[in-house]
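Spelled out from the first residue to the last, the chains are:
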Amino acid sequence: MGKNYKLIAISSMVVSVIGIFCSFYTFYGIWKGASGFNTVPELVRFLFSFSVLNLNFTNKFDHLEIWNFVFYVLLLIGALQFIKTKGKETRLVGFVFSVIFLETIVLFAQSILHKTLVLKWENSTSLQIFYGFFGFIILGGISYLCYRILKTIKSQKEIDIIKTEEKTTATDTGKWQRFFHWMIDLAVMALIFVPVVTSWGYWLMESQILRINESLAIFLQSRLSLYVIVFVFFFIYYPVSEIIFGSSPAKFLTESRVVNSKAESPNSSTIFLRTLCRNIPFDALSFFSKRGWHDSLSETYVVKEKRTGFKTNKLLWILPVLAIYLLLMYFGKSYYADYKASAERKETLSNQFSLLKSEIKNPNTSQFYVVQNVDYYGNIKNYGFKIEKIEGDDISIRRITGDHFSDSNYSQAKQLYEQQKDTATVFVIKKHELVKIFPESMEELYRPTKTIDFFKSGIQYGIENVYDFDAPFLEAQISKYDGDYTNKKVTVYFHNLGGSAKIFNIKNQNNDIKWKANFPLQINKLNSPAVIEAENYDFTESNISTIEVLDSLNKKHSYIIKTSGLTNEIKEIK
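Residues numbered from 1 in each chain as written. Predicted model: local features only at pLDDT ≥ 70, side-chain atom pairs only at ≥ 80, totals over all residues. Heavy atoms only, no water.

Colleague: Would you mind going over the state of the cysteines with me for this structure?
Modeller: The term disulfide refers to a covalent linkage connecting the sulfur atoms of a pair of cysteines. One pass over the full model with this rule turns up zero disulfides. Considering cysteine sulfurs only, C146 is the nearest to C22, which forms no disulfide, with 16 Å between them. (Disulfide = S-S within 2.5 Å.)

This is the structure:
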């Protein structure tokens, strides 16, 4: 191959490595929990321009890059095989570059339609305009590179001829390999065109076109539209690959090509007729007979090329690896997310359990107890009680009523108490009985086995939660005033719904957030909120920091603040 050998080897390695890097970059964001990419470094954005594959069976963000990664890895394996065999083994290289070639054509057409019908140039920045034209140039360059590589590969191939004393015949591709062609080409076609249909479907739904044109909306909702779309895709996929190269992507894998009765490349009209016949119902199964319908009706044949690499069965090891990878990527993230959520839930419950143990073992007049009834399904609305006075073993409590809409929270308890404290009924319970009902396990926390009839109503109650109204209780809001998420700066507003306190430090547990404040910061109802600037804030990941607080009695309290984007959660820890 000479110079062409170096071109194929270097191009295969470079394209595959860039593609794998970009796929990993996307994986990292997805597995970290990003729902989109708000910021991409300029270098990575530049590399993404050369990673043109956009293959997917679904429109789920969680499935981005699953199939792109597969094809780039196949190209890397093919490049190594190509180099090892000194240019003889070309199946994987030809297969992947034929897919990339078809992808560039589709993306080129889609990009033109998007820039003419969707994009509003007057609202575009100079950088967006630059990347728009730069993308055209890159697509054209990669398309030409694929064309040259595939033409070079095909020029080195010869039809496998069987000569006898009576005649000379070409070796037909076997029926099972033809079935393999149908499956692989159908899968590749779906991977290329599903993202296109999805993106334009979203655009149509967001635009006014369907509202103005009712007949078009009815057509797109009908089954006929699906047939038309598939028909159009067939006439892009097969003619482009079989007219130019004589082989569809799947045929590159089996070293097969389409020929006419003279063992020559068919003309364009013959290929179009062959493609039209593919739309005959059950045509895909017809080649299990003597000849397939789209072969016989178009007078074409699918024949084998002389094998120049190793046997095909040596590539079969890819199949179990691919199956494991796909199972991991399609289902692994959900299981990982469930596991992570379960671990965080257990950690939260463990902290809540420790706090409850500490509070219940040491009753005091600042405590509010949220209760849950056990084995009672009537319409009684006893929400909880506030300890008002402790005299020896006698504890005076004030009953507070209210609805349990969901898990109890501090604000709800405080509001109900402020509304009813002057009119609520007072009951007396025993301190030793209250201390004894502390749950011994997490299961008992949700299904109490030790209960008290706090309100002398014949109904037994367990403890769901305990709030200390005199202790600080923190909430936060995160604000970003503009739409630029690249500078990683936010403003955090800390509110204190409980007793007066001072924030004297905030420490990072992950990432490198810089909390810009002059500690200590007084925080109470009068001067709340305390405003703190945060730099190096990562919008695409979960950020975790520890807040250290001193209350009015100089007692230390520790809180964990977990943020994701502009949302946050604060929990006290022991």
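Colleague: Mind showing me how you'd approach the sheet that holds strand β17 (residues 556-564) here?
Modeller: Hydrogen bonds between backbone atoms are what pair the strands of a sheet, whose relative direction is either parallel or antiparallel. Ordered in space as β14-β12-β16-β17-β18, the five strands form an open sheet in which the pairing is antiparallel. With one partner strand each, in any of the chains shown, β14 (521-523) and β18 (567-573) form the two edges of the open sheet. The sheet shows a mean angle of 35° between the axes of neighbouring strands, taken without regard to direction. Alignment of strand β12 (residues 501-508) against strand β16 (residues 542-551), held across seven bridges, turns out to be antiparallel. Bridging from a neighbouring strand, I503 pairs with V549 of β16. The sheet contacts of helix α14 (residues 318-361) involve β17 and β18, and relative to β18 the element is tilted by about 40°. (Pairing = 2+ DSSP bridges. Helix = DSSP H or I, 4+ residues; strand = E, 2+ residues; numbered from the N terminus. Axes fitted to C-alpha atoms, helices over the stretch in contact; angles between N-to-C directions. Contact = heavy atoms within 4.5 Å.)

Colleague: Help me understand the packing of aromatic side chains, please; the structure alone is not making it clear to me.
Modeller: Where two aromatic rings form a pair, the distance of their centres and the angle of their planes describe that pair. Evaluated as defined, the whole model comprises 33 aromatic pairs. Between F50 and F134 the ring centres are 6.5 Å apart and the planes differ by 80°, which places this aromatic pair in the edge-to-face class. One end of the pair, F50, is in the loop between α2 (42-48) and α3 (66-84); the other, F134, is in helix α5 (residues 126-155), and 84 residues separate them in sequence. Exposure remark for F50: the relative accessible area of 28% places this residue in the partly exposed category. What makes F134 buried here is its relative accessible area of 16%. Members of the aromatic cluster, connected to one another through ring pairs, are F368, Y383, Y410, Y417, Y467, F469 and F473. Taking NZ or CZ as reference, R278 lies 3.7 Å from the ring centre of Y238, over its face. Seen from the ring of F469, K414 lies directly overhead, with NZ or CZ sitting 5.2 Å from the centre. (Phe/Tyr/Trp six-rings, centres within 6.5 Å; stacked < 30°, edge-to-face > 60°. Buried < 20%, exposed > 50% of the residue type's maximum accessible area, 1.4 Å probe, protein only. Lys NZ or Arg CZ within 6 Å of the ring centre and 35° of its normal.)

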